[in-house]
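Each chain, letter by letter, is given below.
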Number of protein chains: 2
Amino acid sequence: MTAKPDWIGVDWGTTHLRIWVVDAAGAILCHRTSDKGMGRLTAEEFEPVLVDLIGGVLPAAGALPVIVCGMAGSRQGWAEAAYRDTPCPPPVLQDARRVKTKDTRIDVHILPGIKQNAPPDVIRGEETQIAGFLADNPGFAGTLCLPGTHTKWARIRSGTIEWFRTFMTGEMFALLAAQSVLRHTVSADDIDGKAFRAAIEETAGHPEHLTAFLFGIRAAGLIADLSPGAARGRLSGLLIGAELAAMREHLGMGQVAVIGAGGVARAYVDALETLGVSAMLNDAEATTLKGLALARQHLSEPTQ
Amino acid sequence: MTAKPDWIGVDWGTTHLRIWVVDAAGAILCHRTSDKGMGRLTAEEFEPVLVDLIGGVLPAAGALPVIVCGMAGSRQGWAEAAYRDTPCPPPVLQDARRVKTKDTRIDVHILPGIKQNAPPDVIRGEETQIAGFLADNPGFAGTLCLPGTHTKWARIRSGTIEWFRTFMTGEMFALLAAQSVLRHTVSADDIDGKAFRAAIEETAGHPEHLTAFLFGIRAAGLIADLSPGAARGRLSGLLIGAELAAMREHLGMGQVAVIGAGGVARAYVDALETLGVSAMLNDAEATTLKGLALARQHLSEPTQ
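Residues numbered from 1 in each chain as written. Chains lettered and ligands numbered in written order. Predicted model: local features only at pLDDT ≥ 70, side-chain atom pairs only at ≥ 80, totals over all residues. Heavy atoms only, no water.

Draft legend 1. How the structure looks around empty space enclosed by the protein. Going through the model one piece at a time under the given rule, you end up with two cavities of 30 Å³ or more. Taken as a whole, the largest cavity holds about 60 Å³ of empty space. Together, A:Pro207, A:Glu208, A:His209, A:Leu210, A:Thr211, A:Ala242, B:Pro207, B:Glu208, B:Leu210, B:Thr211 and B:Ala242 line the largest cavity. Among the elements of the structure, helix 5 (210–223) of chain A together with helix 5 (210–223) of chain B are those that each provide at least two residues to the lining of the largest cavity. (1 Å grid on protein atoms, 1.4 Å probe; cavity = no way out; pocket = protein on both sides within 12 Å on 5 of 7 lines; lining within 4 Å. Points joined across faces, edges and corners; volume = space filled by probe spheres on them. Helix = DSSP H or I, 4+ residues; strand = E, 2+ residues; numbered from the N terminus.)

Draft legend 2. Fine view of helix 5 of chain B. All names here are of chain B. The end-to-end C-alpha distance of helix 5 is 20 Å, a good match for the 20 Å that 14 residues give at a rise of 1.5 Å each. Among the 14 residues of helix 5, 12 are classified as buried, and the element is accordingly described as predominantly covered. Looking at helix 5, one finds that the buried residues are Leu-210, Thr-211, Ala-212, Phe-213, Leu-214, Phe-215, Gly-216, Ile-217, Arg-218, Ala-219, Ala-220 and Ile-223. Phi for Asp-225, located one or two positions after helix 5, is positive at around 50 degrees. (Expected span 1.5 Å × (residues − 1). Buried < 20%, exposed > 50% of the residue type's maximum accessible area, 1.4 Å probe, protein only.)

Draft legend 3. Broad picture of the nonpolar core. Ranked by size, the top nonpolar core spans 46 residues in total, and within it A:Leu176, A:Leu214, A:Leu235, B:Leu176, B:Leu214 and B:Leu235 carry the most contacts. Contributing elements (two or more residues each) for this core: helix 3 (169–179), helix 5 and helix 6 (228–251) of chain A together with helix 3 (169–179), helix 5 and helix 6 (228–251) of chain B. Excluding anything up to four places from it in sequence, A:Leu214 contacts A:Leu176, A:Leu182, A:Leu235, A:Leu238, B:Met168 and B:Met172. (Core = buried A, V, L, I, M, F, W, Y, C linked by side-chain atoms within 4.5 Å. Contact = heavy atoms within 4.5 Å.)

Draft legend 4. Geometry of the domain arrangement of chain A. For chain A, the assigned domains are domain 1 (5–124) and domain 2 (166–284). Here the C-alpha centroids of domain 1 of chain A and domain 2 of chain A sit 32 Å apart. (Domains from an automatic or database assignment.)

Draft legend 5. How the structure looks around the pattern of salt bridges. Residue and element names in this part refer to chain B. As enumerated under the stated definition, the model contains 30 salt bridges over all chains in all. Put simply, Glu-285 and Arg-18 hold a salt bridge, and the shortest N to O gap is 3.5 Å. Of this pair, Glu-285 sits in helix 8 (residues 284–300) while Arg-18 sits in strand 2 (residues 17–23), and the two are 267 residues apart along the sequence. For Arg-18, a relative accessible area of 25% gives the class partly exposed. (Salt bridge = Lys/Arg side-chain N within 4 Å of Asp/Glu carboxyl O.)

Here's what the structure looks like:
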């Protein structure tokens with residue numbers, strides 16, 4: 001007997017596209033990734049891109065549920081799924097935008113993002129990770145950190161996203177490392193952990209000096225033989241440390257968890273530990289898929 | 001009678017080259033600018049570039065003094081003029097690196113920059129502006145601000161540069177405005193002054209939120225109809241306000257002066273005024289030329 005696809009989960013961000021084909025028991029039958037992110041597509045291109053990638057698994061009859069999160073639901077995406085407002089629980093299937101498709105073998109639902117009016121902020125994609133995280137940790141009360149190009153922090157209580165904040169840390173690291181005067185100094189692939197942690201403490205204590213500390217990396221490369229690995233560690237640590245200074249008042253209130261992947265997620269856990277905060281690390285992809293699966297479950301339930 | 005060139009002043013930065021041909025009375029006979037900055041030249045190319053631009057004014061016999069400041073004196077420049085160490089007065093002619101040239105009609109002296117070991121920092125070019133400023137304001141005691149791609153702040157007392165600090169504010173503004181996610185939101189040429197001043201107060205009070213406030217510009221563009229001019233004002237104000245937060249403890253101690261040009265210099269004066277600090281504005285080019293002229297004067301004096 002061949003496993004039968006039950007639904008398809010899609011995380012469609014600005015630069016990436018991740019697809020999981022899942023059976024009724026929750027097993028992943030296949031996983032596809034693509035660089036055809038929202039940023040490269042017009043509204044009309046989303047459906048053919050998706051069908052191209054999953055055409056082989058679609059049923060001959062009936063429509064397979066496709067649950068989408070991320071920037072595909074933005075105004076510049078496939079179809080706009082209007083933001084929900086904080087405070088709110090993570091969006092559920094009932095909040096999703098259903099998309100009419102030419103291909104009748106798919107039944108597409110795009111989950112909305114969340115917006116906050118004061119201070120102004122927006123999320124698209126991470127809310128689904130938060131939903132997945134809360135399914136496993138229903139009593140979580142505290143602060144979630146979701147590292148990335150734009151790192152999100154969210155304050156959670158009683159299953160509700162009370163407040164969130166986005167920091168441009170990842171994008172600034174990339175710009176400064178590749179395109180600023182610092183590029184000459186941080187040309188290593190490795191990161192010196194000791195320099196990273198020292199930098200965390202510097203900007204966590206004196207965030208107002210961030211842009212001066214940053215130039216100091218260049219100066220120390222010129223006059224103090226700062227190694228490229230230490231310079232790269234400092235660059236990362238200075239940016240994350242300043243972010244932790246902003247979040248510090250929240251970090252003492254309840255639990256702290258990081259949802260992320262790879263070196264950047266471990267860097268945040270390491271940074272938090274440097275400040276004496278212990279954080280559990282959760283895998284980003286697994287958490288996203290869990291959040292999409294929750295929406296799929298609701299699709300099977302009778303609507304009121 | 002035709003005015004006769006007495007000396008040549010050169011401000012040779014990373015991206016620009018400015019040349020003044022001056023007579024014995026201090027009048028500027030001609031002024032040339034070029035984009036042949038240090039960053040585009042190998043060591044061998046400096047002399048021909050200079051001679052190309054000033055060849056017409058060189059004497060048939062004898063050598064015209066050429067006083068150079070800026071990145072031409074860096075290790076990657078024309079010839080290295082070793083840094084002086086803080087605390088120190090601005091470098092004088094005796095500190096300059098004399099350069100052997102093929103063309104015997106010029107006598108080139110490159111003024112050194114200044115370095116500071118803790119915190120590590122370097123200056124090349126601004127020290128000559130400081131020399132020029134102090135010639136006009138010998139009793140100045142307080143803080144100098146020299147805005148630019150890398151804005152410098154220097155604490156001055158009794159003609160001595162006691163301490164200085166460089167902030168990457170200008171370079172970060174350029175990177176964020178042109179290449180980050182904010183580029184969609186700050187696409188104006190004008191800057192909204194009210195938004196600029198409000199942003200100054202926000203990061204001057206809460207510099208730890210800088211990178212979150214920055215993302216907030218994008219979010220406010222999406223959900224709160226922030227205008228491009230207000231967004232650009234916010235971007236500039238947030239970065240400068242964070243810098244002022246770092247300098248705040250110094251701003252209360254003595255006088256404050258800005259040495260700069262154009263909109264960016266006025267923005268710093270405006271930012272300082274927003275925080276209740278009044279600053280006199282000095283023209284950057286005039287101050288540079290004054291500093292170069294001081295070195296020229298010393299060339300005429302008998303050496304000890």
